[in-house]
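Geometric and topological summary
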Amino acid sequence: MNKKSVKDIDVKGKVVFCRVDFNVPMKDGQVTDETRIRAALPTIQYLSEQGAKVVLASHLGRPKGEVVEELRLNAVAEKLQELSGKNVVKTDEAYGDAVKAEIAKLEEGGLLLLENVRFYAGEEKNDPELAKAFADLADVYVNDAFGAAHRAHASTEGIAKHIPAVAGFLMEKELEVLGKALSNPDRPFTAIIGGAKVKDKIGVIDNLLDKVDNLIIGGGLAYTFIKALGHDVGKSLLEEDKIDLAKSYLETAKEKGVNFYMPVDVVVADDFSNDANTQVVSIDSIPSDWEGLDAGPKTREIYADVIKNSKLVIWNGPMGVFELDTFAGGTKAVAEALAEANDTYSVIGGGDSAAAVEKFNLADKMSHISTGGGASLEFMEGKELPGVVALNDK
Ligand SMILES: Nc1ncnc2c1ncn2[C@@H]1O[C@H](COP(=O)(O)OP(=O)(O)OP(=O)(O)O)[C@@H](O)[C@H]1O
Ligand SMILES: O=C(O)[C@H](O)COP(=O)(O)O
């Protein structure tokens, strides 16, 4: 990597503003998957051991510039304290005099976690004033938030214009591993895209169609494609204004000779719950009052076959609502196929996909679990990540 890293600078006695991606899955106010926190520990421990005052910043969820009580970082601070074995001071704001006063009290090696940076409207707008206010807290900026590196926000990009800016260890490792897999991909190369962020993810398909041999679509994303084929999707997740785009991708895939796989059958439910009534239907028979929440058995078999015959697979986004056991089968089938495919290099991207392989105890069978969802996808598409571009060159 041609960017400076924490190893290239002296941080002793300095205040370091370290952007991490602690956007972790939560339930009932508790962190349910700590992968992203663990992944940031090497940088945090290193900065602390070097005698820096470590000011950590992250977003959680999408509070859209307002304070949302459930999206405070208090539970994350507790989890970090437990995992790092160090006291973590948590502030209720992310910049300003009160925060500066807390930083002034911090000992060398001490850790402080700022409040959710997305409580401020300027964060996602990359407001220069907010970026300056963040920079005013510290002497040095370290970006270890690979998962948010595709966002040009005040704490991921703007701040780097004001103080020396370097990469953390996680950022370095992700760029190295993903870069290696993609520079000359082993083929057949398969991308599996699922999950619920249809608007975010549907766009990446365009670029992926130039790179992959097989494209598998699943999860909530699939229903916009099912609709594009002219079938009703009942109450399933649907992005009406992306149906034409989905149609055009089906055409492009044909033109480019990419094998395009989407569900042939789905598990539909009359309620979004574990005790819902369910049935397996083919994609042209989704009942109008039901919603599709998982891939069906035939689909699972087809996907597993494609995976086993691939040399490189990137997977972003679950195949169904895997958090509910009733709808976890499709995601589990994909995870198991990857685990059994010994000759296949598997890259898992996305907070929820990573959580899913953890849930099925298959994490150690994957070649690389990226902490980035959208970020790993954009990187694999060949896009430059603003959070990386902004860092100082070597
Ligand atoms: N058919 C479906 N209908 C509704 N939600 C679905 C469906 N299939 C999967 N999901 C939901 O998608 C969510 C994950 O989607 P998301 O796009 O956030 O993936 P991700 O792997 O976390 O990637 P990223 O890190 O980019 O967010 C899960 O909470 C899952 O329940
Ligand atoms: O979960 C992620 O992919 C990152 O934390 C970025 O979150 P965002 O999609 O809300 O910007």
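If you're wondering where the values come from, they're calculated on a predicted model, not measured in any experiment.

1. Focus on the site of ligand 1
With respect to spatial proximity, 21 residues lie near ligand 1, and among them Lys197, Lys201, Glu323, Asp352 and Ser353 are the closest. Interatomic distance of 2.8 Å between a side-chain N/O atom of Asp352 and an oxygen atom of ligand 1. For ligand 1, an oxygen atom lies 3.2 Å from a polar atom in the backbone of Gly374. Taken together, the elements giving at least two residues each to the shell around ligand 1 come down to strand E14 (291–295) and helix H12 (351–359). If you tally residues by element for the shell around ligand 1, the top one is H12, at three residues. Looking at the shell around ligand 1, its residues break down into five nonpolar, 12 polar and four charged.

2. Notes on the site of ligand 2
In the neighbourhood of ligand 2, the contacting residues comprise Asp21, Asn23, Arg36, His59, Arg62, Arg118, Gly147, Arg151, Lys197 and Gly374. Arg36 is positioned with one of its side-chain polar atoms (N or O) 3.1 Å from an oxygen atom of ligand 2. Contact distances for ligand 2 include 3.0 Å between an oxygen atom and a side-chain N or O atom of His59. Contact with the protein chains hides 94% of the accessible area of ligand 2, taken as 310 Å² for the molecule alone. Taken together, the residues that form the shell around ligand 2 break down as no nonpolar, four polar and six charged.

3. A look at the pairing of strand E9 (residues 189–193)
Burial within E9 is extensive, with five of its five residues counted as buried. Burial of the side chains of E9 extends over both faces: Phe189, Ala191 and Ile193 are buried on one face and Thr190 and Ile192 on the other. The pairing of E9 with strand E15 (residues 312–316) spans five bridges and is parallel. Across the sheet, the residue bridging to Thr190 is Val313, located in E15. The parallel pair E9 and strand E10 (residues 214–217) is bridged by helix H7 (residues 198–208), and the resulting crossover is right-handed.

4. Let's talk about helix H6 (residues 169–183)
Helix length check: H6, at 15 residues, gives a terminal C-alpha distance of 21 Å against a target of 21 Å (1.5 Å per residue), a fit within 8%. Along H6, the residues that are buried comprise Leu170, Met171, Glu174, Leu175, Val177, Leu178, Ala181 and Leu182.

5. Overview of the UniProt feature "modified residue: Phosphoserine" (unreviewed entry) in the protein chain
Taking the numbering used here, the UniProt-annotated feature "modified residue: Phosphoserine" (unreviewed entry) corresponds to Ser183. As for its placement among the helices and strands, Ser183 is situated in helix H6. Exposure remark for Ser183: the relative accessible area of 62% places this residue in the exposed category.

6. What about unusual backbone geometry?
A cis amide bond links Arg187 to the next residue, Pro188, at an omega of 0°. For Pro188, the position within the fold is in the loop between H6 and E9. Phi at Lys64 takes a positive value of approximately 55°, unusual for a residue other than glycine. Its place among the elements puts Lys64 in the loop between strand E4 (53–57) and helix H2 (74–84). Look at Asn126: it is not a glycine, yet its phi comes out positive at around 55°. Mapping Asn126 onto the fold places it in the loop between helix H4 (121–125) and helix H5 (128–135).

7. A closer look at the pairing of strand E12 (residues 265–269)
Residues in a regular strand point their side chains to alternate faces of the sheet. Taken across its five residues, E12 has five buried, putting it largely inside the fold. A two-sided burial pattern is seen for E12, the buried positions comprising Asp265, Val267 and Ala269 on one face and Val266 and Val268 on the other. Direction of pairing for E12 relative to strand E13 (residues 278–282): antiparallel, over a ladder of five bridges. Counterpart to Asp265 in the pairing with E13 is Ser282.

8. A short note on the sheet that holds E13
Strand order in the open sheet formed by three strands is E13-E12-E14, and the pairing between neighbours is antiparallel. Each end of this open sheet is capped by a strand with a single partner; those strands are E13 and E14. With direction set aside, neighbouring strand axes in the sheet form an average angle of 40°.

9. Details of the pattern of salt bridges
All chains considered together, the criterion is met by 28 salt bridges. Residues Glu82 and Lys79 are paired through a salt bridge, measuring 3.5 Å at the closest nitrogen-oxygen approach. Of this pair, Glu82 and Lys79 both sit in helix H2, three residues apart, which is roughly one turn of that helix. A relative accessible area of 55% places Glu82 in the exposed class.

About the criteria used
- Residues numbered from 1 in each chain as written.
- Chains lettered and ligands numbered in written order.
- Predicted model: local features only at pLDDT ≥ 70, side-chain atom pairs only at ≥ 80, totals over all residues.
- Heavy atoms only, no water.
- Near = heavy atom within 4 Å.
- Polar contact = N/O pair within 3.5 Å; in protein donor to acceptor, adjacent residues only side chain to side chain.
- Helix = DSSP H or I, 4+ residues; strand = E, 2+ residues; numbered from the N terminus.
- Nonpolar A, V, L, I, M, F, W, Y, C, P; charged D, E, K, R; others polar.
- Areas by Shrake-Rupley, 256 points an atom, 1.4 Å probe, with all protein chains shown as cover.
- Buried < 20%, exposed > 50% of the residue type's maximum accessible area, 1.4 Å probe, protein only.
- Pairing = 2+ DSSP bridges.
- Right-handed = clockwise from strand over helix to strand, strands pointing away.
- Expected span 1.5 Å × (residues − 1).
- UniProt positions renumbered as here; feature names shortened; annotations may be inferred.
- Axes fitted to C-alpha atoms, helices over the stretch in contact; angles between N-to-C directions.
- Salt bridge = Lys/Arg side-chain N within 4 Å of Asp/Glu carboxyl O.

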